[in-house]
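# Breakdown of the fold
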Amino acid sequence: MGLTASVLAIDAGNSKTDVAVVAADGEILATARGGGFRPPVVGIDTALDALGETVARAFAEAGVTAVEHVSACLANADFPVEEQQLAGALHRRAWGRSTEVRNDTFAVLRAGIPEPRGVAVVCGAGINCVGMRPDGRTARFPAIGRISGDWGGGWGLADEALWHAARAEDGRGGPTALARTLPAHFGMDSMYALIEGLHLGHVTHERRHELTPVLFATAADGDPVARSIVDRMAEEVVAMATVALTRLDLLDEEAPVLLGGSILAARHPQLDDRIRELLAARAPKAVPTVVTAPPVLGSVLLGLDHLGVPAEAHVRARGYYEP
């Protein structure tokens, strides 16, 4: 039987995967990075095969063949039933004696707090929010798009900007500079040309996300429509955070609200200021903080939480990622 470490920490997002092998004292023995984790697109087995290659590299570097506990925070684990299915699939890979799977938003939350207590809102390609208390209580949303009541995120903001710009150009809506700035990003002189390009595939669907920074730049230049979209994004972030705080009975006591994901981490002044203004009004005791630590740290800490190791181990692990 080979050597055994304590934790295999996995943070697997849609675009990349980070793993770490961790000793009981919090020392990071090895790390590895792989591609995105997208079971809905490629199937669970194929996704886990790709993840397994990344894990194998980390195990080889650490000189181990298994761990006590697998702590996995995974994209596309949106419902508890999906977490259970993925936990079973990971456990069958025999990487560890026990396995726990959470949605990847929990990694952002745990990375930003000294104990498992608070709320995190992540706004990247989409938007999600989770909360937790040390007693194990959690708050979460399905966060799978419009059918679960979501609005915003990078893709949603780009689509909203396109909608307003199209209507501005053809007269169905009011004027907005977005009708000029969005097509100009792709070297085009009209929304008609951009709409045609998107429809015919000359501009690929994947490039729509490039329009989100254009939206923020147009808002920063003072365009009222662009600014209204950014303000609504702030409303959505605060609505999710406030509901999660309420569910966890944290609304009336000081509690961290972590802001993560590419949209929130960019610290756009209008968005950042509006979020803080709304939080101050609706959750006065909330303490908003932008998370800068890598989410895999959250997976590491959740794994160490599970094993009940001394606090010094958490400090050592955090020191590796936040020197």
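As a reminder, the structure under discussion sits directly above these lines.
Reference entry: report on the structure contained in this document. In every chain, residue numbers begin from 1 and rise along the written sequence. Given that the model is predicted, a residue must reach a pLDDT of at least 70 before its local features are reported, and side-chain atom pairs must reach 80 or more before they are shown or counted; all residues, however, enter totals for whole chains, interfaces and linings. Water and hydrogen atoms play no part in the side-chain values, which are based on all heavy atoms of the structure.

### Let's talk about the overall build of the protein chain
Where helices and strands are cited, they refer to DSSP runs of H or I of at least four residues and of E of at least two residues respectively, numbered from the N terminus. Scanning the protein chain from N- to C-terminus turns up 13 helices and 10 strands. Its C-alpha radius of gyration of 21 Å places the protein chain within 12% of the 20 Å reference for a compact globule of 323 residues. Contacts spanning at least 24 positions in sequence make up 67% of the contacts within the protein chain whose residues lie at least 6 apart. Surface accessibility in these figures is a Shrake-Rupley result with a 1.4 Å probe; residues are shielded only by whichever protein chains are displayed. By element, 53% of the accessible surface of the protein chain is carried by carbon and sulfur atoms, the whole surface being about 14500 Å². Each radius of gyration reported is based on C-alpha atoms, and the globular scaling rule is 2.2 Å times the count of residues to the power 0.38. For this analysis, residues touch if any pair of their heavy atoms sits within 4.5 Å.

### What to know about the sheet that holds strand E10 (residues 286-290)
The strand order across the open sheet built from five strands is E8-E7-E6-E9-E10, with neighbouring strands paired in mixed fashion. Two strands bound the open sheet, and with one partner strand each, they are strand E8 (138-140) and E10. Adjacent strand axes in the sheet meet at a mean angle of 15°, parallel and antiparallel pairs treated alike. Pairing between two strands requires that DSSP report at least two bridges joining them. Bridging between strand E6 (residues 118-123) and strand E9 (residues 255-260) involves four bridges; their strand directions are parallel. The axes are straight lines fitted to the C-alpha atoms, using for helices just the contacting stretch, and the angles between their N-to-C directions are given from 0 to 180°.

### Considering a nonpolar patch on the surface
Residues enter a patch when their relative accessible area is above 30% and they make no salt bridge; the linking distance is 9 Å between like charges and 5 Å between nonpolar side chains (Val, Leu, Ile, Met, Phe, Trp, Tyr). The rule for a salt bridge is simple: a side-chain nitrogen of Lys or Arg has to be within 4 Å of a carboxyl oxygen of Asp or Glu. Residues Phe-79, Val-81, Ile-144 and Ile-147 make up a contiguous nonpolar surface patch of about 390 Å² in total accessible area. Mapping Phe-79 onto the fold places it in the loop between strand E4 (66-74) and helix H3 (80-91).

### Remarks on the packing of aromatic side chains
By convention, a stacked pair of Phe, Tyr or Trp rings (six-membered ring in the case of Trp) has centres within 6.5 Å and planes under 30 degrees apart, an edge-to-face pair has planes over 60 apart, and any other such pair is tilted. The final tally for this structure, using the stated rule, is one aromatic pair. With 4.9 Å between their ring centres and 75° between their planes, Tyr-320 and Tyr-321 make a pair best called edge-to-face. Burial classes follow relative accessibility: with a 1.4 Å probe on protein chains only, a residue under 20% of its type's maximum area counts as buried, one over 50% as exposed, and anything between as partly exposed. Look at Tyr-320 and you get partly exposed, because its relative accessible area is 45%. Residue Tyr-321 is classed as buried on the basis of its relative accessible area, which comes to 17%. Counted as over-ring charges are cases with an Arg CZ or a Lys NZ within 6 Å of the ring centre that also lie within 35 degrees of the ring normal. The residue whose ring lies beneath Arg-102 is Phe-106, and the NZ or CZ to ring-centre distance is 5.2 Å.

### Some details on the nonpolar core
Only buried residues count toward a nonpolar core. Its members are Ala, Val, Leu, Ile, Met, Phe, Trp, Tyr and Cys residues joined through side-chain atoms within 4.5 Å. Core analysis: the largest hydrophobic core is formed by 54 residues, its most contacted members being Leu-178, Leu-182, Leu-271 and Ile-275. Ignoring any residue separated from it by four or fewer positions in sequence, one finds Leu-182 in contact with Ala-161, Leu-162, Ala-165, Met-191, Leu-194, Leu-211 and Val-214. Grouped together as the second largest cluster of nonpolar side chains are 26 residues, Phe-59, Val-70, Leu-86 and Trp-95 included.

### Side note on the environment of Ala-317
Here Ala-317 lies in helix H13 (residues 311-321). Once you skip the residues sitting within four places of it in the chain, Ala-317 turns out to touch Gly-26, Ile-28, Leu-297, Val-300, Leu-301 and Leu-304.

### Considering the environment of Val-290
As for its placement among the helices and strands, Val-290 is situated in strand E10. Sequence-wise, Val-290 and Leu-259 are 31 residues apart; in three dimensions their C-alpha atoms are separated by 4.6 Å. Not counting residues up to four positions away in its chain, the partners in contact with Val-290 are Leu-259, Leu-264, Ala-265, Arg-267, Asp-272 and Arg-276.

In short, the description is geometric, and any link to function would need to be established separately.
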